[in-house]
Amino acid sequence: MKRLWEKYSGIRPWFWFFGYLLVFPDLTIWIANCRGLHMFDLENLLIAALLTVSGLFLFAVFGCFGSPRFGRTVMLAACVLAGTFHFLDLFFFVHFQSQTRLSFWFLARATNWTEVLGFIHFYLLNGKTVLLLLAYPASGLLFAVFLKRKFVAAGFAAWIFAGPLLLNFALSLRPDAENNRYGVMTLPVLIDRFLEEKLDAEFMADDLAAANAELKAVNREESAVYVLVIGESHSKYHSSLYGYPRRTMPRMEELAARNELYVFRDVTAPNSFTNNVLPKLLSFEAHDVDEKFFEVPNIIDLMRAAGFRTWYLSNQANASELGLTYMAIAARADVFRNTMTVWKSSPDEALLPLFDEALADPAPRKFIILHLIGSHSGYEATYPASFRRFPLDEAPEFFNAQQKQNREIVNHYDNSVLYNDFILDTLIGRLRRGNPNGFLLYLPDHGENLYEEKDTILHMEFMPTRQTVEVPMLLYLTDAYRAAMRPGEADEIARGTTRPWSSEDLPFLLLELGRIEYDGFQPEKSPINPQFRPKTRIVSKCRILYDKLKNATCEERISARNLR
């Protein structure tokens, strides 16, 4: 027994440090979540405690038995793995109000180095992350190094429990916005969610094929060219077409002034992450539909059923092999092309040659989707230097204090919107050149935060703002299309520009614009149909109501739960 105690004394700093790595994050998250649940979730706290005790027991067994070299190797590996996983869990909770989820790792695999560097700039090099590193694991490591002193051991024990409380206070941590059941999602819960999503992925391709196997749709046009342009992170609040003081969209303004462009004024995105929005834009999946995107019809297969040759031309990361993404729908197009490399993003001019090829294709009916990089984070990489119209050190009077402090970021963003305006004008010009019977519809996946409120940058699925869910939408009709319109149809489209509409119902708008006859068409979901009926608009996975969000205070918006 004495010898065993001597061995334990030799590994005691390791043992306490490992326990700290396990307990500190779970306790931090549990405190924040229980504030939102208005209860103490003792069941999952006890599960977490049991898992921690089991982990410590195994840690002690490997440390006390066997050769010292083997024990040190195992203990070091355990500390590195536990510390890395729990730090990432805390990192996601602090920045995204969510514990680690499988979808985060799929998104990470689908990104490139330009996006990674943008992420590091915005999230890793900021005060919250520095404070998190100091609180955990740096402070724990410091205590462990000096643990042999008795007063240090007492302080370490106190810090394990006091630290989470102080961290909650210092960072004003909020409950997990999507989780309304658990004080902390323990390993069994995370594994259960992982297996559920993995199972969906394995059967998704078969389900997607089955859901679209017997579609019957008709288009009676002799020829047609329909173009859908999906933008990225395009904020209405930085678009001169919607009242922004800078002329970031001069070309679209000119088209609108000549009545060649329909500008929709009240469109909201259903989510703030591309991976959540795109399945809804491309399929019948919606917040008011129970089925997932691979269980319902999608617009690409509907167009193919109606006799169209289809293209999906993307300047975004190719994530089709990951299974859980909208790219599974994109891959069903007759032509699927991707211009982004693993190493960097390219400006959207990379898509123009592919667009020209599609326009020149002899198919009589064409449906072309272009997915832009738009104003993706890492804004400076999304536009060429020739479009640096707004100097990076400029801070106009209409910038708020934080925008002036971060003026380089905001100016890069505004330049990216200006370039996006050029891309749209170029696409419209090339469509107009041949004057086919066709249209070009543009809308982004979601908007973007640019410090309109304190510390709000980029976009958060679990903490949406008006800036991230209110999106622009523009419609251009060719002269040939206009000439074939029914009496009153133009007036109905004009009325639709002011109707409150969610972009999750985009397939129904496309079916109507495309004059597609389909038994599953729901006229009440198309904003340009006389039978249109406004619906309750939901703008997040946590089912936040837009009508509550748009009138919410900053505090109400952050807490999120009061907006459901």
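This text goes with the structure placed above it.
Residues numbered from 1 in each chain as written. Predicted model: local features only at pLDDT ≥ 70, side-chain atom pairs only at ≥ 80, totals over all residues. Heavy atoms only, no water.

A.B. asks: A description of the overall build of the chain should follow, citing residues and the corresponding values.
C.D. replies: The secondary structure content of the chain amounts to 21 helices and 12 strands. Considering only intrachain contacts with a sequence separation of at least 6, the fraction spanning at least 24 residues in the chain is 77%. Of the roughly 24,500 Å² of accessible surface on the chain, a fraction of 59% belongs to carbon and sulfur atoms. (Helix = DSSP H or I, 4+ residues; strand = E, 2+ residues; numbered from the N terminus. Contact = heavy atoms within 4.5 Å. Areas by Shrake-Rupley, 256 points an atom, 1.4 Å probe, with all protein chains shown as cover.)

A.B. asks: An account of the sheet that holds strand 4 (residues 309-314) is requested, with residue identities and associated values reported.
C.D. replies: The strands making up a sheet associate through backbone hydrogen bonding, with each pair oriented either parallel or antiparallel. Read across the open sheet, the eight strands follow the order 5-4-6-2-7-10-3-11; overall the sheet is mixed. Two strands bound the open sheet, and with one partner strand each, they are strand 5 (335-338) and strand 11 (501-502). Along the sheet face, helix 15 (residues 407-434) touches strand 2 (224-231), strand 6 (365-371), strand 7 (438-444) and strand 10 (470-477) and points at about 165° away from the line of strand 7. Contacting strand 2, strand 6, strand 7, strand 10 and strand 11, helix 19 (residues 506-513) crosses the sheet at an angle of about 165° to strand 7. (Pairing = 2+ DSSP bridges. Axes fitted to C-alpha atoms, helices over the stretch in contact; angles between N-to-C directions.)

A.B. asks: So what's going on with the environment of Phe422? Which residues, and what values?
C.D. replies: Locating Phe422 in the fold gives a position in helix 15. Residues in contact with Phe422, not counting those within four places in the same chain, are Arg251, Glu349 and Phe387.

A.B. asks: Mind laying out the nonpolar core, listing which residues take part and the relevant values?
C.D. replies: By size, the foremost hydrophobic cluster in this structure holds 56 residues, and its most contacted members are Leu228, Tyr312, Phe367, Phe439, Leu441, Leu475 and Leu506. Counting residues per element, this core draws most heavily on helix 19, at six residues. Residues in contact with Leu441, not counting those within four places in the same chain, are Val227, Leu228, Val229, Met473, Leu474, Leu475, Leu506, Leu509, Leu510 and Leu513. Ranked by size, the runner-up nonpolar core spans 47 residues in total, among them Leu261, Leu372, Val410 and Phe422. (Core = buried A, V, L, I, M, F, W, Y, C linked by side-chain atoms within 4.5 Å. Buried < 20%, exposed > 50% of the residue type's maximum accessible area, 1.4 Å probe, protein only.)

A.B. asks: Could you give an account of the packing of aromatic side chains, with specific residues and numbers?
C.D. replies: On inspection of all chains with the given rule, the structure shows 15 aromatic pairs. Relative to Tyr419, the ring of Phe387 lies with its centre 5.1 Å away and its plane at 75°, an arrangement referred to as edge-to-face. Residue Phe387 is located in the loop between strand 6 and helix 14 (401-405), and its partner Tyr419 is located in helix 15; the two are separated by 32 residues in the primary sequence. Of the two residues examined, Phe387 and Tyr419, each falls in the buried class. Grouping aromatic residues by their ring pairs yields a cluster made of Tyr226, Phe308, Phe439 and Tyr481. Positioned above the aromatic ring of Tyr481 is the side chain of Arg515, whose terminal nitrogen or guanidinium carbon lies 4.0 Å from the ring centre. (Phe/Tyr/Trp six-rings, centres within 6.5 Å; stacked < 30°, edge-to-face > 60°. Lys NZ or Arg CZ within 6 Å of the ring centre and 35° of its normal.)

A.B. asks: Kindly report on a negative patch on the surface, identifying the contributing residues and their values.
C.D. replies: Together, Asp206, Asp207, Asp290, Glu291 and Glu295 line one region of the surface with negative charge. Along the polypeptide, Asp207 turns up in helix 8 (residues 187-211). (Patch = residues over 30% accessible without salt bridge, like charges linked within 9 Å, V, L, I, M, F, W, Y side chains within 5 Å. Salt bridge = Lys/Arg side-chain N within 4 Å of Asp/Glu carboxyl O. Lys, Arg positive; Asp, Glu negative; His and termini not counted. Charge placed at Lys NZ, Arg CZ, Asp CG, Glu CD.)

A.B. asks: Explain helix 15 to me, using residue names and the numbers behind them.
C.D. replies: Look at helix 15: 42 Å from first C-alpha to last across 28 residues, which is about the 40 Å you get at 1.5 Å a residue. The buried fraction of helix 15 is high, at 20 of 28 residues. A positive phi of about 45° marks Asn435, the residue just after helix 15. (Expected span 1.5 Å × (residues − 1).)

A.B. asks: So what's going on with the pattern of salt bridges? Residues and values would help.
C.D. replies: Tallying each qualifying case throughout the model produces 25 salt bridges. Across the pair Asp334 and Arg304 runs a salt bridge whose closest N-O atoms are separated by 3.5 Å. Of this pair, Asp334 sits in the loop between helix 12 (327-330) and strand 5 while Arg304 sits in helix 11 (residues 299-305), and the two are 30 residues apart along the sequence. Of the charged contacts in the structure, one is a salt bridge between Lys535 and Glu504, with a shortest N-O distance of 2.7 Å. Placement of the pair is Lys535 in the loop between strand 12 (516-518) and helix 20 (546-549) and Glu504 in the loop between strand 11 and helix 19, with a sequence separation of 31 residues. You can call Lys535 partly exposed: its relative accessible area is 25%. One network of salt bridges, with partners in common, ties together Asp288, Glu504, Asp505, Lys525 and Lys535.

A.B. asks: Can you lay out unusual backbone geometry for me, pointing to particular residues and giving the numbers?
C.D. replies: For Asn259, which is not glycine, the phi torsion reads 60° and is therefore positive. Here Asn259 shows up in the loop between helix 9 (250-257) and strand 3 (262-268). Accessibility expressed as a relative area gives 63% for Asn259, which makes it exposed. The backbone phi angle of Asn435 is positive, close to 45°, even though this residue is not glycine. Examined against the element boundaries, Asn435 turns out to sit in the loop between helix 15 and strand 7.

A.B. asks: Hey, could you go over the environment of His446 for me, with residue numbers and the actual values?
C.D. replies: As for its placement among the helices and strands, His446 is situated in the loop between strand 7 and strand 8 (449-450). Between the C-alpha atom of His446 and that of Pro270, which follows or precedes it by 176 residues, the distance is 8.2 Å. In contact with His446, other than residues within four places in its own chain, are Glu232, Ser233, His234, Ala269, Asn271, Ser272, Phe273, Thr274, His459, Thr468 and Val471. Polar contacts involving the side chain of His446 include one to the side chain of Thr274, which spans 3.4 Å. (Polar contact = N/O pair within 3.5 Å; in protein donor to acceptor, adjacent residues only side chain to side chain.)

A.B. asks: Give me the lowdown on a nonpolar patch on the surface, citing residues and values where you can.
C.D. replies: A cluster of nonpolar residues, Phe57, Leu58 and Val61, forms a patch on the protein surface that exposes about 280 Å² of accessible area. In this fold, Phe57 is placed in helix 2 (residues 42-64). Assessed through its relative accessible area of 56%, Phe57 is described here as exposed.

A.B. asks: Report on the side chain of Thr274, specifying residues and quantitative values.
C.D. replies: Here Thr274 is to be found in helix 10 (residues 274-282). According to the relative accessible area criterion, Thr274 is buried, its value standing at 14%. Among the polar contacts made by the side chain of Thr274, one reaches the side chain of Glu232 at a distance of 3.2 Å. A distance of 2.5 Å separates polar atoms of two side chains, one belonging to Thr274 and the other to Asp445. Once residues lying within four places of it in the same chain are set aside, the contact partners of Thr274 are Glu232, Pro279, Tyr326, His371, Asp445 and His446.

A.B. asks: Mind laying out the packing of helix 9 against helix 15, listing which residues take part and the relevant values?
C.D. replies: Orientation of helix 9 relative to helix 15, taken along the N-to-C sense of each, is 50°, at an axis distance of 7 Å. Considered as vectors, helix 9 and helix 15 are oriented oblique to each other. For the pair helix 9 and helix 15, contact is made by Pro250, Arg251, Met252 and Leu255 and by Leu418, Asp421, Phe422, Leu424, Asp425, Ile428 and Arg432, respectively. (Parallel < 35°, antiparallel > 145°, perpendicular 65-115°, else oblique.)

A.B. asks: Break down the packing of helix 13 (residues 352-360) against helix 15 for me, with residues and values.
C.D. replies: Taken N-terminus to C-terminus, the directions of helix 13 and helix 15 make an angle of 20°; their axes are 11 Å apart at the nearest point. Here helix 13 is positioned roughly parallel relative to helix 15, judged by the angle of their axes. In this structure, the crossing between helix 13 and helix 15 has a hand that is right-handed. Packed against helix 13, whose contacting residues are Leu352, Phe355, Asp356 and Leu359, the element helix 15 presents Thr426, Leu427, Arg430 and Leu431 at the interface. Split into classes, the residues belonging to the contact of helix 13 with helix 15 amount to five nonpolar, one polar and two charged. (Left-handed = near helix turned anticlockwise from the far one by under 90°. Nonpolar A, V, L, I, M, F, W, Y, C, P; charged D, E, K, R; others polar.)

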